[in-house]
Amino acid sequence: MKQKEIILKYGINPYQKPSRIYSETGQLPIEVLNGNPGYINFMDAINSWQLVKELKIALKLPAAASFKHVSPAGSGLGLPLDENLKKAYFVENMELSPLAAAYARARGADRISSFGDWIALSDKVDESTALLIKKEVSDGIIAPDYSVEALKILKEKRKGSFNIIKIDPDYEPDALDSRKMYGIVFEQHRNNLIPNTDLLHNIVTENKNLPDEAVRDLIVSMITLKYTQSNSVCYALNGQVIGCGAGQQSRIHCTRLAGEKADLWFLRQHPAVVNLPFKGGVSRTEKDISIDQFLGNNTTAEEMKGWGDVFVNIPKRLTQEEKNDWLKNLDGVSFGSDAFFPQRDNIDRAQKSGVKYIVQPGGSIRDYKVINACNEYGMVMAFSNTRLFHH
């Protein structure tokens, strides 16, 4: 049953009481079907719902997002997965509906960051998707509806306390957004722009060949950026995020952070990784942690002490040369930025992670240097003339 307000246990921290969410103009567009979502849960839910709703509108495919601390760890579309990705995402023996494939992609973008995530799905949740979610550690979910079978499966998670929210897909908020901070009300027009192909027409590089797959991936990156704490950049490939850098004070640090995540995403598909000799009964979380340690450049001997508990035999780690050789195969990546690149160093770093296509607002006094860098690498770059900050 919809309500005008929901009383919460506390706000962002346990000592921030009282706490509630409420509607000033009528009933809330959401129903809590199970669990007891908290303040941060609802913030993740509302932000992530907007992301998947806009992906579905823009690209006409089922969409999913994996959210942590009001930024996406990943997002993805309902496209089929190849066998290597199925192994990397631990879904090789599962029948995946398009919606389930979308969540596998969203979760697979950064499985370490997605631990304990909030899930958003654009479509009615089916049994296939619920069975996948059942296997993952997650805090809750928001979707427009749930099948009877899916709802039964999800209600069994976390000993019956899994947070399940249903949202009215036709709900449209007022044109003005407001928030109160330190007793002061901030008000602005709601950011209702949905990034689409119109933002990709102004191609400023010598190479102007922008294939349909890159257009799709650039739109995935832009819509994801719209709901990522700024500064932010996003690498995307094959209908999903592969690296998202959020909330950094400098753009190059966003680019490096997201690039490292994209590299790890691709390295997870290396034969040495998908064939790691895990013992029977090892959980997905333990596998994720061990893979992260196996691939990490700064993994310590102390971190590796537990490998005997998860591996049948201790695997030989990849050398940096072996990693570099594998990463040479990462190509055709799309790369979006929520604001302009102030220096060409972002382009130099991005190309190391297979970036071929770029969208950014433009407007820097050094735009010419950034364009020249793209031309040197044969990249295609569009100026969207649209900043996508989110705070």
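Structure shown above.
Residues numbered from 1 in each chain as written. Predicted model: local features only at pLDDT ≥ 70, side-chain atom pairs only at ≥ 80, totals over all residues. Heavy atoms only, no water.

Attention shifts here to the nonpolar core. In terms of nonpolar packing, the biggest core is built from 68 residues, with Leu121, Ile141, Leu154, Tyr235 and Ile358 touching the most fellow members. Looking at this core, the element that brings in the most residues is helix 3 (residues 98-108), giving seven residues. In this view, leucine 154 contacts Val125, Ala130, Ile133, Ile141, Tyr146, Phe162 and Ile164; residues no more than four positions away in its chain are not counted. Core analysis: the second largest hydrophobic core is formed by 45 residues, Leu51, Trp118, Met222 and Leu388 among them. (Core = buried A, V, L, I, M, F, W, Y, C linked by side-chain atoms within 4.5 Å. Buried < 20%, exposed > 50% of the residue type's maximum accessible area, 1.4 Å probe, protein only. Helix = DSSP H or I, 4+ residues; strand = E, 2+ residues; numbered from the N terminus. Contact = heavy atoms within 4.5 Å.)

For helix 11 (residues 320-327), the complete set of buried residues consists of Lys323, Trp326 and Leu327. For helix 11, the arc enclosing every buried residue in end-on projection is 95°, short of the 170-degree limit, so these residues lie on one face. Lining the buried residues of helix 11 we find helix 7 (251-267), helix 8 (271-274) and helix 9 (284-295). (Arc of directions from axis to C-beta.)

Once that is clear, we can look at the packing of aromatic side chains. Using the criterion set out here, one finds seven aromatic pairs in the structure. Their ring planes at 25° and their centres at 5.3 Å tell us that phenylalanine 266 and tryptophan 326 sit as a pair that is stacked. Pair noted here: phenylalanine 266 is in helix 7 and tryptophan 326 is in helix 11, with a separation of 60 residues, a long-range link. A ring pair is formed by tryptophan 307 and phenylalanine 311, whose centres lie 5.5 Å apart and whose planes are at 80°; its orientation type is edge-to-face. A single burial state applies to tryptophan 307 and to phenylalanine 311, both of which are buried. Through successive ring pairs, a cluster of aromatic residues spans Phe278, Phe294, Trp307 and Phe311. Over the face of the ring belonging to phenylalanine 162 we find lysine 157, whose NZ or CZ atom lies 5.3 Å from the ring centre. If you follow lysine 287 out to its NZ or CZ, it ends over the ring of phenylalanine 90, 5.4 Å from the centre. (Phe/Tyr/Trp six-rings, centres within 6.5 Å; stacked < 30°, edge-to-face > 60°. Lys NZ or Arg CZ within 6 Å of the ring centre and 35° of its normal.)

Looking at where glutamine 293 falls in the secondary structure, it is placed in helix 9. When sequence neighbours within four positions are dropped, the list of residues in contact with glutamine 293 reads Thr299, Glu303, Trp307 and Arg317.

Within the structure shown, the criterion is met by 21 salt bridges. A salt bridge links aspartate 110 to lysine 261; its shortest N-O distance comes to 3.1 Å. Of the two residues, aspartate 110 sits in the loop between helix 3 and strand 6 (117-121) while lysine 261 sits in helix 7, which places them 151 residues apart along the sequence. Judged by relative accessible area, which is 12%, aspartate 110 ranks as buried. Lysine 261 sits in the partly exposed class, given a relative accessible area of 24%. With a closest N to O distance of 3.6 Å, aspartate 325 and lysine 328 form a salt bridge. Each of the salt bridges in this network shares a partner with another, and the network as a whole consists of Arg107, Arg111, Asp117, Glu136, Arg268, Arg284 and Asp288. (Salt bridge = Lys/Arg side-chain N within 4 Å of Asp/Glu carboxyl O.)

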